[in-house]
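# A closer look at the structure
Spelled out, the chains give:
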Amino acid sequence: VNPNASTLVINNPLVAKVHRADRHGGAASAWKLFRDLRREKFDLVLDYSEGDRGAFWSLVTGAGERIGYRSKKNHYFRNWAHTRLIPDRAEALDRNISVSHAKALAALGHPPAEIPLPQVFFTLEGERRATEFLNKNGLRPGDTYCLFHMTTRERIRQWPREHCLDAINWVNAKVGPVILTAWS
């Protein structure tokens, strides 16, 4: 997990361990992650990314079964690195990404018993900071609002600004206040 995203899963009681992958950590950081993943001796890896980096780390684990999405661009390495390929991510897309991934696994014969709604588990400090942020913006925990993340590192995948503004205005009118986030 990217170190910045690790806080979203680190306090989840269903997650036993989180490996942080720092892309800017250099060779020592990559080597440590390599060793840590090999030591885990995983049986199964689910690669929900569509990039070569996820395929590489899936392969590094040495897991006997490595499931990932088939590359739309026919990247030989990505398709080779997985032992089983989910036919097409677009066919599984749903409003909830957890449901999309569960549908993809069900197509391979691994249906989940139940698909729970996603949850974020905060530390006490994180809860305090979130409440402080909401209060500064005239909101309280439990209020309805929309968190809108409108950036990506890849310029080609960015929405035009006018589309972002249209979406924000629509959500603001239909749902309520919009909180913008922008980080990479």
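Coordinates for the structure precede this section.
Nothing here was measured: the structure is a model prediction, and the numbers come from that model.

### Some details on the sheet that holds strand β2 (residues 65-69)
- Taken in spatial order, the three strands line up as β1-β2-β3 in an open sheet, and their pairing is parallel. The open sheet terminates on both sides in strands that have one partner only, identified here as β1 (44-47) and β3 (84-86). Adjacent strand axes in the sheet meet at a mean angle of 15° when their direction is disregarded.
- Packed onto the sheet, helix α2 (residues 52-61) meets β1 and β2 and runs at close to 180° relative to β1.

### Brief notes about the side chain of Asp47
- Position of Asp47 relative to the elements: it lies in strand β1.
- A distance of 3.2 Å separates a polar side-chain atom of Asp47 from the backbone nitrogen of Ala55.
- Within the structure, the side chain of Asp47 is placed 3.0 Å from the side chain of Arg78, a separation counted as a polar contact.
- Ignoring sequence-local partners within four residues, the contact set of Asp47 consists of Gly54, Ala55, Ser58, Ile67, Gly68, Tyr69, Arg78 and His82.

### A closer look at the environment of Thr123
- Mapped onto the elements, Thr123 comes out in the loop between α5 (97-107) and α6 (124-136).
- Classification of Thr123 by relative accessible area gives partly exposed; the value is 37%.

### Let's talk about the environment of Lys41
- Tracing the backbone through its elements, the reader meets Lys41 in the loop between α1 (26-40) and β1.
- Separated by 23 residues in the primary sequence, Lys41 and Gly64 place their C-alpha atoms 9.3 Å from one another.

### Examining the nonpolar core
- Residues Ile67, Tyr69, Ile86, Ala104, Leu105 and Leu108 constitute the largest nonpolar core, which totals six residues.
- When contributions to this core are tallied by element, the ones reaching two or more residues are β2 and α5.

### Some details on α2
- The complete set of buried residues in α2 reads Gly54, Ala55, Trp57, Ser58, Val60 and Thr61.
- The elements touched by buried residues of α2 are α1, β1, β2 and α3 (76-81).
- Among the residues trailing α2, Gly62 stands out with phi positive, at a value near 75°.

Criteria and thresholds
- Residues numbered from 1 in each chain as written.
- Predicted model: local features only at pLDDT ≥ 70, side-chain atom pairs only at ≥ 80, totals over all residues.
- Heavy atoms only, no water.
- Pairing = 2+ DSSP bridges.
- Helix = DSSP H or I, 4+ residues; strand = E, 2+ residues; numbered from the N terminus.
- Axes fitted to C-alpha atoms, helices over the stretch in contact; angles between N-to-C directions.
- Contact = heavy atoms within 4.5 Å.
- Polar contact = N/O pair within 3.5 Å; in protein donor to acceptor, adjacent residues only side chain to side chain.
- Buried < 20%, exposed > 50% of the residue type's maximum accessible area, 1.4 Å probe, protein only.
- Core = buried A, V, L, I, M, F, W, Y, C linked by side-chain atoms within 4.5 Å.

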